[in-house]
Amino acid sequence: MDGNQLRDEVVAAIAARLVAAGSPPVCLATVLVGDDGPSHVYVRNKHRKAAEAGMVSRHVELPGSATQAEVETEVAALAADPSVHGILVQLPLPAGLDEERVLDLVPPEKDVDGLTERSMGRLVRGRPGLVPCTPLGVIRLLERYEVPTSGKRAVVVGRSTLVGLPLALLLARKGVDATVTLAHSRTADLVGVCREADIVVAAAGQARMITADHVRPGAAVIDVGISRTETGIVGDVDFAAVEPIAGWITPMPGGTGPMTIACLLENTVTAARMQGVDIP
Ligand code: NDP
């Protein structure tokens, strides 16, 4: 499952859709605090792809020494600005800053990361809203590669509010209809649990923890985990061992990462429509 290719398809489709709508200025704003290297790379990529999709973007950068009040002031200003349709606060914030209080300032209709309390509440309640990008990217990969999900057994390894938990909810939703097991570090017999699954999503952040033993022949295996090693980025899946037996598999890098960005842009279009921008 090629995440780079699907991301390019999604970006091109959004660009065409915006042109057809008369190129309204759809604006994604990012907030970056501190000097975390990977976060800078992620944010730069998001802006580059937003431009390719025909969007306007805005960037607010604060030093790692910024106070809670300074961060909150910037986010509140973006929240109040009608020309800004999506707000992404790049996480994690530097130690000492209260993420929850910052996220609370993002209105649900601008919450393109889908991580605020109200967006998560909408997801749980099955109400229309913005859904976290990485889990949504996994769903888009399953759809695009026509991996059957209805009635199938899916195991999500990792229960964070960023990835695992919302993904479990999305997989269990009506329309996707998987039977979901949410595994974590206390799960007994993880090998046995994963081997039962038609779909295994690894989101634990443990390099190459999913081996051939975990995978039933023909299963779909989706790698979300990112570990930085001396030899480069490594996923949670031992790709070389699992690829010969899997029915579908994502590479790392080149799988779920690009889809996270694609879904951020998809969410920004949805956010703009929720705020009354006329996009068919
Ligand atoms: P967290 O550290 O918040 O959560 C990790 C989860 O994995 C926890 O629920 C933990 O269990 C579980 N876990 C850890 N070790 C094991 C193990 N040995 N067996 C089973 N479960 C285990 O991480 P995130 O959810 O934020 O991120 C997960 C990974 O995804 C990271 O590598 C991150 O870098 C990556 N990521 C990738 C993205 C992408 O676009 N591809 C986007 C976002 C994140 P417990 O709760 O019991 O501690």
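Higher on the page you've got the structure.
Residues numbered from 1 in each chain as written. Predicted model: local features only at pLDDT ≥ 70, side-chain atom pairs only at ≥ 80, totals over all residues. Heavy atoms only, no water.

## Quick word on the sheet that holds strand E4 (residues 153–157)
Turning to step 1, where the next piece is worked out: Taken in spatial order, the 5 strands line up as E5-E4-E6-E7-E10 in an open sheet, and their pairing is parallel. Strands at the two margins of the open sheet, each flanked by one partner only, are strand E5 (179–183) and strand E10 (248–249).
Turning to step 2, where the next piece is worked out: Looking at chain direction, E4 and E5 are connected through 5 bridges and run parallel. Bridge assignment links Val157 to a residue of E5, and that residue is Ala183.
Turning to step 3, where the next piece is worked out: Strand contacts of helix H7 (residues 164–172): E4, E5 and strand E6 (199–202), with the helix running at about 170 degrees to E5, the strand carrying the most contacts. (Pairing = 2+ DSSP bridges. Helix = DSSP H or I, 4+ residues; strand = E, 2+ residues; numbered from the N terminus. Contact = heavy atoms within 4.5 Å. Axes fitted to C-alpha atoms, helices over the stretch in contact; angles between N-to-C directions.)

## Description of the site of the ligand
Turning to step 1, where the next piece is worked out: Taken together, 20 residues are adjacent to the ligand, and Arg159, Ser160, Ser185, Ile226 and Thr260 come closest.
Turning to step 2, where the next piece is worked out: Within the backbone of Ile226, one N or O atom sits 2.9 Å away from an oxygen atom of the ligand.
Turning to step 3, where the next piece is worked out: Here a nitrogen atom of the ligand sits 3.0 Å away from a polar atom, N or O, in the side chain of Thr256.
Turning to step 4, where the next piece is worked out: Computed on the free molecule, the ligand has an accessible area of 930 Å², of which 69% lies beneath the protein chains in the complex.
Turning to step 5, where the next piece is worked out: Per-element accounting of the shell around the ligand gives the leading share, 3 residues, to helix H10 (residues 256–274).
Turning to step 6, where the next piece is worked out: Residues that form the shell around the ligand fall into these classes: 8 nonpolar, 11 polar and 1 charged. (Near = heavy atom within 4 Å. Polar contact = N/O pair within 3.5 Å; in protein donor to acceptor, adjacent residues only side chain to side chain. Areas by Shrake-Rupley, 256 points an atom, 1.4 Å probe, with all protein chains shown as cover. Nonpolar A, V, L, I, M, F, W, Y, C, P; charged D, E, K, R; others polar.)

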